[in-house]
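# Descriptive analysis of the structure
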Amino acid sequence: MSSVKRPQLKISRRTLLKSAAAAGVFVASAPTVLRAADQGTLVISMQADPTGLDPEAVLNNSSGFIMATIHDGLVNYKSGTVEVGPGLAESWDVSSDGMTYTFHLRQGVSFHDGTPFNAQTYVRGLDRLKKDDPNSIYNTGPVEGYIDFTYGAVDSYKAVDDKTVEFRLKHAFAPFLTSLAMVWNGVVSPAAAIKFGK
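In what follows, the accompanying structure is described.

### So, the sheet that holds strand 5 (residues 154-161)
Pairing in this open sheet of 4 strands is antiparallel, and the strands run 3-4-6-5 from one edge to the other. For this open sheet the edge positions go to strand 3 (89-94) and strand 5, each flanked by a neighbour on one side alone. Averaged over all pairs of adjacent strands, the angle between strand axes in this sheet comes to 20°, irrespective of strand direction. Sheet strands touched by helix 3 (residues 119-127): strand 4 (100-105), strand 5 and strand 6 (164-169). Its angle to strand 5, the strand with the most contacts, is close to 155°.

### Topic: empty space enclosed by the protein
Throughout the structure, instances matching the rule amount to 1 cavity of 30 Å³ or more. Per-element accounting of the lining of the largest cavity gives the leading share, 3 residues, to helix 3. Its residues assigned to classes, the lining of the largest cavity shows 6 nonpolar, 3 polar and 2 charged.

### Notes on the pairing of strand 3
Bridge analysis of strand 3 against strand 4 gives 5 bridges, and the strand direction is antiparallel. In the strand pairing of strand 4, D93 is matched with T102. Between the antiparallel neighbours strand 3 and strand 4 lie 5 residues, among them G98 with a positive phi of about 75°.

### Comments concerning the pattern of salt bridges
Applying the stated rule across the entire model yields 2 salt bridges. Among the salt bridges present, the one from K78 reaches E83, with a minimum N-O distance of 3.0 Å. Under the relative-accessibility criterion, K78 is labelled partly exposed at 38%. A relative accessible area of 45% means that E83 is categorised as partly exposed. The residue R168 makes a salt bridge to E166 at a minimum N-O spacing of 3.2 Å.

Calculation rules
Residues numbered from 1 in each chain as written. Predicted model: local features only at pLDDT ≥ 70, side-chain atom pairs only at ≥ 80, totals over all residues. Heavy atoms only, no water. Pairing = 2+ DSSP bridges. Helix = DSSP H or I, 4+ residues; strand = E, 2+ residues; numbered from the N terminus. Axes fitted to C-alpha atoms, helices over the stretch in contact; angles between N-to-C directions. Contact = heavy atoms within 4.5 Å. 1 Å grid on protein atoms, 1.4 Å probe; cavity = no way out; pocket = protein on both sides within 12 Å on 5 of 7 lines; lining within 4 Å. Points joined across faces, edges and corners; volume = space filled by probe spheres on them. Nonpolar A, V, L, I, M, F, W, Y, C, P; charged D, E, K, R; others polar. Salt bridge = Lys/Arg side-chain N within 4 Å of Asp/Glu carboxyl O. Buried < 20%, exposed > 50% of the residue type's maximum accessible area, 1.4 Å probe, protein only.

Right, dumping it as structure tokens:
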């Protein structure tokens, strides 16, 4: 049998180390896929534990990611965009002067605790943001949030009927809708807020 000579590949130690380091970076940057303990379990990894779950009282991304899966807003951002779309309000009207916002609420919605969602429960949730309200979030400890930014231009709000909420502004405030769509304005059951605080 004749022997076939194969060319020898000579690699310097430096080239070998560079290649190994590059391969290590590639492997380290590849996502690790872990399987959940069972099909009813979702495993996620976050940089920190949430510090609270009350959208108006907590302002950090770790809590925000969790709250976004728990609380709906009056309006929401459309998926993958910064365009405002329906949430707990199916539709809304803005007056020509930009100072009155009328929201038409979705019907047949209940909170996790069974409390029905309607204009009155939404308004009770807004009342929690007032410092003089007996169930104010300010009575439960420090509050971080966008309350002043979102609601600072609001002169008044009311439940017109079971399915309509109206905001009157002191002056036109262009970011009002987009601010309402932020996770920090998620709607909380007033019964749960009274029972559990923030």
